[in-house]
Each structure stands twice: as structure tokens, then as C-alpha cells.
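Notes for the structure review
Now for the letters of each chain:
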Amino acid sequence: MKRNIPNIITCLNLICGCIATGAAFLHHFQTAFIFILLGAGFDFFDGMTARALKVSGRMGVELDSLADVVTFGVAPSAILFTMFNFVRYPEMIYSNFWFTVLPFTAFLIAAFSAVRLAKFNIDERQHTTFIGLPTPANAIFWAALVSGSEDYLRSPMMNAPFLLAFIILSCWLLVCEIPMFALKFKNMSWADNKIKYIFIMICAVILIGAVVSGAAGGHVLHSIEKGLAGCIGLYLVMSIGASLKK
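One structure accompanies this document, and this report is about it. Please read all numbers here as calculations on a predicted model, not as lab measurements.

Let's shift gears to the environment of Tyr 235. Summarising the element assignment, Tyr 235 is placed in helix 10 (residues 220–245). Note on Tyr 235: relative accessible area 8%, which makes it buried. Placed 80 residues apart in sequence, Tyr 235 and Ser 155 show a C-alpha to C-alpha distance of 27 Å. Residues in contact with Tyr 235, not counting those within four places in the same chain, are Phe 130, Leu 133, Pro 134, Met 180, Phe 181 and Phe 199.

As C-alpha cells, this is what we get:
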């Protein structure tokens, strides 16, 4: 029984991904966001539990990747697929052909997430750092952005070609060769973990500010979603900046 506990937690991640996908197709973006976030929590704890119980194995690794493809690949794709039905289409592509075709480009994220996870499983460089954007960060970013800022995405400031361009950028970030720091600590020294500590402190300020602002305006969850999207954007900027300095 003990050796099955991590796999049960992984399956909970998979179930969260399935619920998030279903919610996304029904235009329940906030529900999708919550279940992607829950899935990320289960994804964190399944590996920790396996190491604590000393029951890690190939089956757990493969099951984890399959669950992650659903929660962090298919679910955000479903969110963007649905979002394409609400964004504006410029006059030059205002036709039934583009209304039908463009939403399916959202599933590029599912495909590139699968490639990212496969690379992670065989890449020996990614034990302490990441190469490319981690799939949970990408999924949480999109879920938080769409759920927290849907009104902006539906405004004249955004349109379908812009959304497609950001999807392509997201796909590239998943598989690019840019090193990105992981929140893993070999020791607690400031010198060895400076970028991680700075990131955590700034994120804490952003999220506390989001909670305070949301409480004042009566929309705490939306403010947290925007704050989380901002934190992941910050993670990208800091990671890219750190890699350019090397």
C-alpha cells in the first residue's frame, strides 16, 4: 500500500486536470484556474511523498508525466480554445474559416507541453535548474491571466492574432534552451540562492498587495490571479536576465 500513495496523489493531479479541462470548455475559467492550481499542489507533493517513503520508480515517473500533460498542457489549451470564441477578430480575418480554425491553435500548448515533459525526463541537466519554462508555471500563468483579466482580453486592446502570437511565444519558451532557476535549495545561504530569495520576496509583496487590493474592491480571487500571472512573468524576466549575465 505504501508504494501506491505517491501514485494516488499523482492521479489526484490528473483528476484535477480533467476537471479543469471540462470547466474551461464550459467557460468556467475561475474553476479551471483553481483546479490547475490544486493539480500543481498534488504534482509537488507526489514527488516529495515518493522520496519520503523511498518508493520512487519508473511507473511513478511515467504516470507523473501523463498527469502533467493533462493538467498543465490540455487544461490551459482548453482555456485558450474557449477564449478564442470571445476575443475580437480583425476585419481581415473576420470569417467563418478563421472563427473555426484559430481556436484549435490553442492545442499547440498541449503538444509543446508534452515535448517539454519528455525532454525533462531524459535531460540530466535539469536536476537543480530548468531548461525552458516549466509546464506548471506556463499553465498557471495562462489560467490566472485568462480568469483574472478576461475583460481585458475581450477588449479592443487584444485580438485573435495577438492571442495566437502569445501562444506561439509560450510554446517556444517551453522548449527553448534558456536556463531558468528552480526553487530548490541545496543550502540556505544568501550567496548561493540570491536570485531565489529576491524572487520570493518580490512575489510575497505582489501577492500581499493583491490580497489587500482585492479585499478593498471585493474581488480577492481575481486580484490573486493577476498577481500570480505577474509573478510568473517576473520569474521569466529574472531567469532570462540571470542567463544573459553568465
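Having seen the model, we can carry on.
Overall, the coordinates contain 2 salt bridges when judged by the stated rule. Between Glu 177 and Lys 119 there is a salt bridge whose closest N-O contact spans 3.3 Å. Remark: Lys 119 occurs in helix 5 (residues 108–122) and Glu 177 occurs in the loop between helix 8 (160–175) and strand 2 (179–181); sequence separation between them is 58 residues. Its salt-bridge partner being Glu 150, residue Arg 154 comes within 3.0 Å of it at the nearest N-O pair. Residue classification places Arg 154 among the partly exposed residues on the basis of a relative accessible area of 34%.

Attention now goes to helix 2 (residues 29–53). Here helix 2 spans 36 Å end to end across 25 residues, near enough to the 36 Å set by a 1.5 Å rise per residue. Looking at the buried residues of helix 2, the elements they touch are helix 1 (5–25), helix 3 (58–83), helix 6 (135–148), helix 7 (150–153) and helix 10. Positioned one or two residues after helix 2, Lys 54 has a phi angle of 55 degrees, which is positive.

In this section: the packing of aromatic side chains. Counted under the stated rule, the structure contains 13 aromatic pairs. Joined through ring pairs, the aromatic side chains of Phe 25, Phe 81, Phe 104 and Phe 107 make up one cluster.

At Lys 196, helix 9 (residues 190–217) is bent by approximately 40 degrees, the largest bend along its length. Residues Asn 193, Lys 196, Tyr 197, Phe 199, Cys 203, Ala 210 and Gly 214 constitute the buried set of helix 9. Tucked inside the fold, the buried residues of helix 9 contact strand 2 and helix 10. Gly 218 sits one or two residues past helix 9 and shows a positive phi near 80 degrees.

Attention shifts here to a nonpolar patch on the surface. There is a patch of nonpolar side chains on the surface, built from Ile 8, Leu 12, Ile 15 and Ile 19 and spanning about 310 Å² of accessible area. Take Leu 12: it is sitting in helix 1.

Attention now goes to the packing of helix 3 against helix 5. Contact geometry of helix 3 with helix 5 gives a least axis separation of 8 Å together with a crossing angle of 155 degrees. Regarding the angle of helix 3 to helix 5, the classification is roughly antiparallel. Handedness of the helix 3/helix 5 crossing: right-handed. For the pair helix 3 and helix 5, the contacting residues are Val 61, Ser 65, Asp 68, Val 69, Phe 72, Gly 73, Val 74, Pro 76, Ser 77 and Leu 80 in the first and Ile 109, Ala 110, Ser 113, Ala 114, Leu 117 and Asn 121 in the second. Partitioning the contact of helix 3 with helix 5 into residue classes produces 10 nonpolar, 5 polar and 1 charged.

We now examine the nonpolar core. When a protein is soluble and globular, its nonpolar side chains tend to lie buried together. The biggest cluster of nonpolar side chains holds 53 residues, and the ones touching the most others in it are Ile 36, Phe 84, Ile 167 and Met 180. Considering every element that reaches this core, the biggest residue donor is helix 10, with 8 residues. If sequence neighbours within four positions are ignored, Ile 36 has contacts with Ala 20, Thr 71, Phe 72, Ala 75, Pro 76, Ile 79, Ala 139, Ile 140 and Ala 143.

At His 27, a residue that is not glycine, the phi angle is positive and equals roughly 70 degrees. Within the fold, His 27 resides in the loop between helix 1 and helix 2.

About the cut-offs
Residues numbered from 1 in each chain as written. Predicted model: local features only at pLDDT ≥ 70, side-chain atom pairs only at ≥ 80, totals over all residues. Heavy atoms only, no water. Helix = DSSP H or I, 4+ residues; strand = E, 2+ residues; numbered from the N terminus. Buried < 20%, exposed > 50% of the residue type's maximum accessible area, 1.4 Å probe, protein only. Contact = heavy atoms within 4.5 Å. Salt bridge = Lys/Arg side-chain N within 4 Å of Asp/Glu carboxyl O. Expected span 1.5 Å × (residues − 1). Phe/Tyr/Trp six-rings, centres within 6.5 Å; stacked < 30°, edge-to-face > 60°. Bend = angle between axes of the 7 residues up to and from the residue. Patch = residues over 30% accessible without salt bridge, like charges linked within 9 Å, V, L, I, M, F, W, Y side chains within 5 Å. Areas by Shrake-Rupley, 256 points an atom, 1.4 Å probe, with all protein chains shown as cover. Axes fitted to C-alpha atoms, helices over the stretch in contact; angles between N-to-C directions. Parallel < 35°, antiparallel > 145°, perpendicular 65-115°, else oblique. Left-handed = near helix turned anticlockwise from the far one by under 90°. Nonpolar A, V, L, I, M, F, W, Y, C, P; charged D, E, K, R; others polar. Core = buried A, V, L, I, M, F, W, Y, C linked by side-chain atoms within 4.5 Å.

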